[in-house]
Amino acid sequence: MEKDWRWFGRKDRITLPMLRQIGVEGIVTALHDVPIGEVWTVAQISEVKDFIESFSLHWSVVESLPVSEVIKYAGPDRDVLIENYRKSLTNLGKCGIRTVCYNFMPVIDWIRTDLEYPSPDGSTSLYFDMAEFAYFDIYILERKDARKSYSADVLRRVENLAARFTEKDRARLVDVIITKTQGFVNSNFAGTGFDPVALFRDMLKLFEGITKDQLRENLRYFLAAVMPVCDEYGIDLCIHPDDPPMPVLGLPRIVTSAEDIDWILKAVDNPHNGLTFCAGSLSSGAHNDLVPMAKKFAKRTRFVHLRSCDVLPGGNFVEASHTAGRAHLVELIRIFEKTNPMLPMRVDHAKTILGDGDRGYNPGYGFYGRMLALGQVDGMMAAVRNELEKKII
Ligand code: DNO
């Protein structure tokens, strides 16, 4: 697979010359400053593309071209927003960019409750605690009927938290779940000058009454409308799984399992309707068995995120090292290398090590942690290529 790296643009303190030295081949990035729903112009895209190329790298994948909430809940303006999306895809196509990742998670993208969960070795990892998340839902968002979404055991743990949580703990949860985790991937929550909880509540209202089936239909409608542009320019649009892969905050989620992915790929059966195989998101759901999933979907996989999770009791999970956890990255690499050795791949999040946490990087996107992970994955890929050459596998 092609060794790619998520780079957050000129403001990123990890520079393109640094990436060249560690063997990165392709760049994954987006026009992070363009608000969701606005058209990406050829001028804006070319400017970033030329900058990347001036360092002898190339812009391999767009992550993400975000889908407006209006499209997800099928609001009255959805056709206008879909037309804008088609224009952005056209402009990317004109600039020669052929792989575009997106997601269809309503309101909230990826979710963690702790960005500095300590490991015995002194490193830290990204962590999800179901009870803390339920506390956020019940006691901070105060969502109506929120308690019905959780088991008796989780609710018991929530009451324990409620008995001891201070204002500082509550503020930390809002900061982690909304500001720090969403801020850099979702321009709806970027910047300052708004009340994150109030905004969150307003956005949740937009999806009141939307079922899983309706959300699926809204995705089908969107895909049917954008596929002709993908066909014209040869663009692979690849949906990112929901992270974590389960319904949250009373919202449906539709990219959580093999059955969901199968539905999406069949609903619009076009090779440009592809998958981002995010091993990290999928492995955080105990119901997902990644090796058979990779085998089943390898042919429609257009982009790979390599990362692994350990699922813990009570619905909690922690991001593991790239050589451990339940994702079985070496097996996944065997499958993807065999199917398409040119597939773009990035290592995704990694552990925070060696002072990465003090350098102002986006959570999960430190330098040393990802460099170590890339080295581990590079080694696995080299071994797998050797097996393939010798026809061992
Ligand atoms: C977080 C990421 C996600 C991902 C988007 C793709 O680190 O994995 O934000 O980029 O969901 O659309």
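Above this text you will find the structure in question.
Cut-offs applied
- Residues numbered from 1 in each chain as written.
- Predicted model: local features only at pLDDT ≥ 70, side-chain atom pairs only at ≥ 80, totals over all residues.
- Heavy atoms only, no water.
- Pairing = 2+ DSSP bridges.
- Helix = DSSP H or I, 4+ residues; strand = E, 2+ residues; numbered from the N terminus.
- Axes fitted to C-alpha atoms, helices over the stretch in contact; angles between N-to-C directions.
- Near = heavy atom within 4 Å.
- Polar contact = N/O pair within 3.5 Å; in protein donor to acceptor, adjacent residues only side chain to side chain.
- Areas by Shrake-Rupley, 256 points an atom, 1.4 Å probe, with all protein chains shown as cover.
- Nonpolar A, V, L, I, M, F, W, Y, C, P; charged D, E, K, R; others polar.
- Left-handed = near helix turned anticlockwise from the far one by under 90°.
- Contact = heavy atoms within 4.5 Å.
- Buried < 20%, exposed > 50% of the residue type's maximum accessible area, 1.4 Å probe, protein only.
- Core = buried A, V, L, I, M, F, W, Y, C linked by side-chain atoms within 4.5 Å.

With antiparallel pairing, the 4 strands of this open sheet are ordered in space as 5-6-11-10. The open sheet is flanked by strand 5 (114–118) and strand 10 (309–311), the only strands paired with a single partner. Strand-to-strand twist in this sheet, taken as the mean axis angle between neighbours without regard to direction, amounts to 35°. Where strand 5 lies against strand 6 (residues 124–128), 3 bridges are found, and the strand directions are antiparallel. Residue pairing across strands places Tyr-117 opposite Ser-125, the latter belonging to strand 6.

Turning our attention to the site of the ligand. Close contacts around the ligand come from 13 residues, with Glu-63, Ser-64, Asn-103, His-349 and Tyr-365 the closest. Between the ligand and Glu-63 there is a distance of 2.5 Å, counted from an oxygen atom to a side-chain nitrogen or oxygen. One of the side-chain N or O atoms of Asp-109 is found 3.0 Å from an oxygen atom in the ligand. Relative to its unbound accessible surface of 330 Å², the ligand loses 99% to contact with the protein. Of the residues contributing to the shell around the ligand, the split by class is 6 nonpolar, 4 polar and 3 charged.

The next subject is the packing of helix 9 (residues 212–233) against helix 10 (residues 258–267). Interhelical geometry of helix 9 versus helix 10 gives an angle of 35° and a closest axis separation of 10 Å. Between helix 9 and helix 10 the crossing geometry is right-handed. Contacts between helix 9 and helix 10 pair Lys-212, Arg-216, Glu-217, Leu-219, Arg-220 and Leu-223 from the former with Glu-259, Asp-260, Trp-263, Ile-264 and Ala-267 from the latter. Here the contact of helix 9 with helix 10 is built from residues that sort into 5 nonpolar, no polar and 6 charged.

Pairing is parallel in the closed barrel, where 8 strands are placed in the order 1-2-3-4-7-8-9-12. The mean inter-strand angle of the sheet, taken between neighbouring strand axes irrespective of direction, is 30°. With 3 bridges joining them, strand 1 (residues 2–6) and strand 2 (residues 26–29) adopt parallel strand pairing. Residue pairing in the sheet places Asp-4 in a bridge with Gly-26 of strand 2. Across the sheet, helix 14 (residues 367–389) touches strand 1 and strand 12 (344–346), and the angle it forms with strand 1 is around 165°.

Next up on the list: the pairing of strand 6. In terms of burial, strand 6 is a largely internal element, 5 of the 5 residues being buried. Of the two faces of strand 6, the one lined by Thr-124, Leu-126 and Phe-128 and the one lined by Ser-125 and Tyr-127 are each fully buried. Relative to strand 11 (residues 317–319), strand 6 runs antiparallel, the two being bridged by 2 bridges. By the bridge assignment for strand 11, Tyr-127 is matched with Val-318.

A few words on the nonpolar core. In this structure, Phe-222 and Leu-237 are the most contacted members of the largest nonpolar core, which totals 117 residues. Of all the elements, helix 9 adds the most residues to this core, at 9 residues. Leaving out residues up to four positions away in the same chain, Leu-237 has contacts with Tyr-85, Leu-89, Val-100, Tyr-102, Phe-222, Leu-223, Val-226, Met-227, Cys-230, His-272, Asn-273 and Gly-274. If you look at the next biggest cluster of nonpolar residues, it comprises 7 residues, including Phe-8, Trp-110, Leu-115 and Val-176.

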